[in-house]
Amino acid sequence: MTQAEALAILKTGANALITGEPGSGKTHTVNEYVSWLRSHGIEPAITASTGIAATHVGGMTIHSWSGIGIRERLTAADLDAITSKEYLSRRIGKTSVLIIDEVSMLSGEVLGMVDEVLREVKGNELAFGGIQIVLVGDFFQLPPIAKAGREASFAFESEAFRALNPLILYLSE
């Protein structure tokens, strides 16, 4: 798929995974989409799986953005504490497009927690509270981050990913 074809699909509001080999234009396509969104008065939430990746995309970590922090799982009390923070509720509430870069480094468990938080804050049982999710990354490059001695599942193995059912936009040129 060309970058232009992927961009046209993103403009429809579809949930998507932008993937492809290194140098295929994933970052360029996302940057073009962000510019298009901003020209239409939409400010996307730009996040990444790690701090270094977040600085490269001019965003913040998905952990910080969603309020999950370094948790390995969410209890009902954790979810309550996160959703009661006014700044998080406001940030998530106004978001209509969420971009997560380097998604291959995000475990299925973390993606599931983000889904839970967004559903709760948005008051919407659709996947990720009904907002457009744009995942970016190459699952053949970098594996999910796990704590020492543990193995993490890939984001695409999670129920949250299945519920999202993103279009796979494989950039080939």
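Refer to the preceding data block for the structure.
These numbers come from a predicted model, not from an experiment. (Residues numbered from 1 in each chain as written. Predicted model: local features only at pLDDT ≥ 70, side-chain atom pairs only at ≥ 80, totals over all residues. Heavy atoms only, no water.)

A closer look at the overall build of the protein
Part 1: When helices and strands are counted, the protein shows eight helices and six strands.
Part 2: Ordered by position from the N terminus, the helices and strands of the protein form the series α-β-α-β-α-β-α-α-α-β-α-β-α-β.
Part 3: Viewed in the frame of its principal axes, the protein has a C-alpha envelope of about 45 × 40 × 30 Å.
Part 4: For the protein, buried positions account for 49% of its 173 residues.
Part 5: Counting contacts in the protein only where the partners sit at least 6 residues apart, residues at least 24 apart contribute 72% of the total.
Part 6: Of the roughly 8700 Å² of accessible surface on the protein, a fraction of 53% belongs to carbon and sulfur atoms. (Helix = DSSP H or I, 4+ residues; strand = E, 2+ residues; numbered from the N terminus. Buried < 20%, exposed > 50% of the residue type's maximum accessible area, 1.4 Å probe, protein only. Contact = heavy atoms within 4.5 Å. Areas by Shrake-Rupley, 256 points an atom, 1.4 Å probe, with all protein chains shown as cover.)

Some details on helix α5 (residues 76–83)
Three or four residues apart is the spacing at which side chains of an α-helix point the same way, because the helix has 3.6 residues per turn.
Part 1: Looking at α5, one finds that the buried residues are Asp78, Leu79, Ile82 and Thr83. All buried residues of α5 lie within an arc of 125° about the axis, which places them on one face of the element. Along α5, exposed side chains directed more than 90 degrees from the buried face belong to Ala76, Ala77 and Asp80. (Arc of directions from axis to C-beta.)

Observations concerning the pattern of salt bridges
Part 1: This structure, assessed with the given rule, holds six salt bridges.
Part 2: Shared partners join several salt bridges into a network, and the residues in it are Asp115, Arg119 and Glu125. (Salt bridge = Lys/Arg side-chain N within 4 Å of Asp/Glu carboxyl O.)

Examining the packing of aromatic side chains
Part 1: As enumerated under the stated definition, the model contains four aromatic pairs in all.
Part 2: Residues Tyr33 and Trp36 carry aromatic rings whose centres are separated by 6.0 Å and whose planes lie at 10° to one another, so their mutual orientation is stacked. Placement of both Tyr33 and Trp36 in helix α2 (residues 26–39) is noted, with a separation of three residues, approximately one turn of the helix.
Part 3: Judged by its relative accessible area of 2%, Tyr33 falls in the buried class.
Part 4: For Trp36, a relative accessible area of 23% gives the class partly exposed.
Part 5: Arranged with centres 5.2 Å apart and planes meeting at 20°, the rings of Phe154 and Phe156 form a pair that is stacked.
Part 6: Each residue in the set Phe139, Phe154 and Phe156 is aromatic and connected to the rest through ring pairs, giving one cluster. (Phe/Tyr/Trp six-rings, centres within 6.5 Å; stacked < 30°, edge-to-face > 60°.)

Treat this as a map of the structure, not an account of what it does.
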